[in-house]
Amino acid sequence: MAHHDESEKAPTDQYEFGDPTTRYPNIHPEVQQQPEPGLQSLMTPTPDLGETSYRGTGRLAGRKALITGADSGIGAAVAIAFAREGADVTLSYLPEEEPDARHVIEQIEAAGRRAVAVPGDLMDPEHCRSLVQQAVDGMGGLDAIVNVAGKQVWQKSILDITDEQFDQTFKTNVYAPFWIIKAALPHLKPGSTIVNTASLEAYVPAPDRLDYATTKGAINNFSKGLAQQLVSQGIRVNVVAPGPTWSVLQVTGGVDPETLPEFGSSESPMGRAGQPAEIAPAYVFLTSAESSFVAGDTLNVNGGMVTP
Ligand code: NAD
Ligand code: MG
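Cut-offs applied
- The residue count restarts for each chain, going from 1 along the sequence in the order it is written.
- Here chains are named by letter from A upward and ligands by number from 1 upward, in the order in which they appear as written.
- Local features in this predicted model are restricted to residues whose pLDDT is 70 or higher, and side-chain atom pairs enter the listing and the counts only when it is 80 or higher, whereas totals over whole chains, interfaces and linings include all residues.
- The basis for the side-chain values is all heavy atoms of the structure; hydrogens and waters are excluded.
- When we say a residue is near a molecule or strand, we mean one of its heavy atoms is within 4 Å of it.
- Under this definition, polar contacts are N or O atom pairs within 3.5 Å; protein pairs additionally need one hydrogen-donor-capable and one acceptor-capable atom, and for neighbouring residues in sequence, both atoms have to be side-chain atoms.
- Only the protein chains shown count as cover for residues, with accessible areas throughout obtained via the Shrake-Rupley method and a probe of 1.4 Å.
- To qualify as a helix, a DSSP run of H or I must reach at least 4 residues; to qualify as a strand, a run of E must reach at least 2; elements of each kind are numbered from the N terminus.
- Classes in brief: Ala, Val, Leu, Ile, Met, Phe, Trp, Tyr, Cys and Pro nonpolar; Asp, Glu, Lys and Arg charged; the others, Gly included, polar.
- Coordinating donors are taken to be N, O and S atoms lying within 2.8 Å of the metal, or within 3.2 Å when the metal is Na, K or Ca; because water is excluded from the atom set, some sites may appear incomplete.
- Partly exposed residues are those whose accessible area sits between 20% and 50% of the maximum for their type, while under 20% is buried and over 50% is exposed, using a 1.4 Å probe and protein chains only.

Things to note about the site of ligand 1
What surrounds ligand 1 is a group of 29 residues, the closest being Ser72, Glu97, Val148, Tyr212 and Ser247. One nitrogen or oxygen atom from the side chain of tyrosine 212 is found 2.5 Å from an oxygen atom belonging to ligand 1. Here an oxygen atom of ligand 1 and a side-chain polar atom of lysine 216 are 3.0 Å apart. Taking 810 Å² as the accessible area of ligand 1 by itself, protein coverage stands at 96%. For the shell around ligand 1, the secondary-structure elements that each account for two or more residues are α1 (73-84) and α5 (210-230). In terms of residue class, the shell around ligand 1 is made up of 13 nonpolar, 12 polar and 4 charged.

The following block contains the structure:
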């Protein structure tokens, strides 16, 4: 495989034709660490959210989307893509992530769309319900739910996973989407969509991410069952399962810091980690009416790793 170095430039247009293995640089991040949830703006290198490359073509014109984890990483790239496709966006994130959120809000507003900022803790069911209400009030309706927020903390042994960590990982990754979808359902008319976020870990659990990988299996299963329940109401539920993607999750205890210099490059057949900008189009597809016959599916965006 060809060697790519960090001086290579990312594309300036998402439709640029070229070799996917060299489309983005094969990064070798230095060992770096921040307390959770971290700020993506302090990372080296900074993840690519598609700021300079995502070109919208009206695929989500007039849609009203609630996106969790919308301040950074995959959720932020989804928020920017959605706005450029013509959607208004309600952004959920933690209060300490305000600086990252401001960057995304600027991008949404520059696209001429409405951004409704709702900072708060998704581990609190009351906040999840209030988030949905603020989305409905702020955007004048709601027809797309995108659950991207997630917690991932690596631990070598099951003996190192505290009950508190196990509980918080499940609250963030599994309970919050449950609370949000329950509160949102009465507002969703036929044509509305729900997209949840699993992971390659749902099928290939890393031994040092037991609790996290278990939640991702649960999200896949929950989504497929719910899809069958809601399809007759004209509401489609689908899942995106990313593979190794460069984001602040990785440098806030998500993976063993010593492994950061090789992040993604040994695991993926592409020989490199993905960028959030490469994951976002999957969410656009599953939210747009062009995927009208797709329900209960998981779209794997992982650089070519084989999944069941
Ligand atoms: P990220 O850190 O940029 O995004 C995660 C977001 O979750 C944070 O920005 C934060 O706003 C939100 N969050 C966490 N706890 C919260 C809480 N208690 N209340 C409110 N918000 C909370 O990292 P990312 O990699 O973009 O992660 C996005 C999603 O993608 C996650 O669900 C993650 O599991 C999934 N994923 C990531 C990868 C990867 O390699 N990065 C791979 C597979 C799946
Ligand atoms: Mg963040």
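A few points about the coordination of the magnesium ion (ligand 2)
At the metal site, the magnesium ion (ligand 2) is ligated by Asp71 (OD), Ser72 (OG) and Glu97 (OE), and these contacts range over 2.1 to 2.2 Å. In primary sequence terms, the donor set of the magnesium ion (ligand 2) follows D-S-x24-E. Here aspartate 71, found in the loop between β1 (64-68) and α1, pairs with glutamate 97, found in the loop between β2 (88-93) and α2 (98-110); they are 26 residues apart in sequence, far enough to count as distant. Each member of the pair, aspartate 71 together with glutamate 97, is buried.

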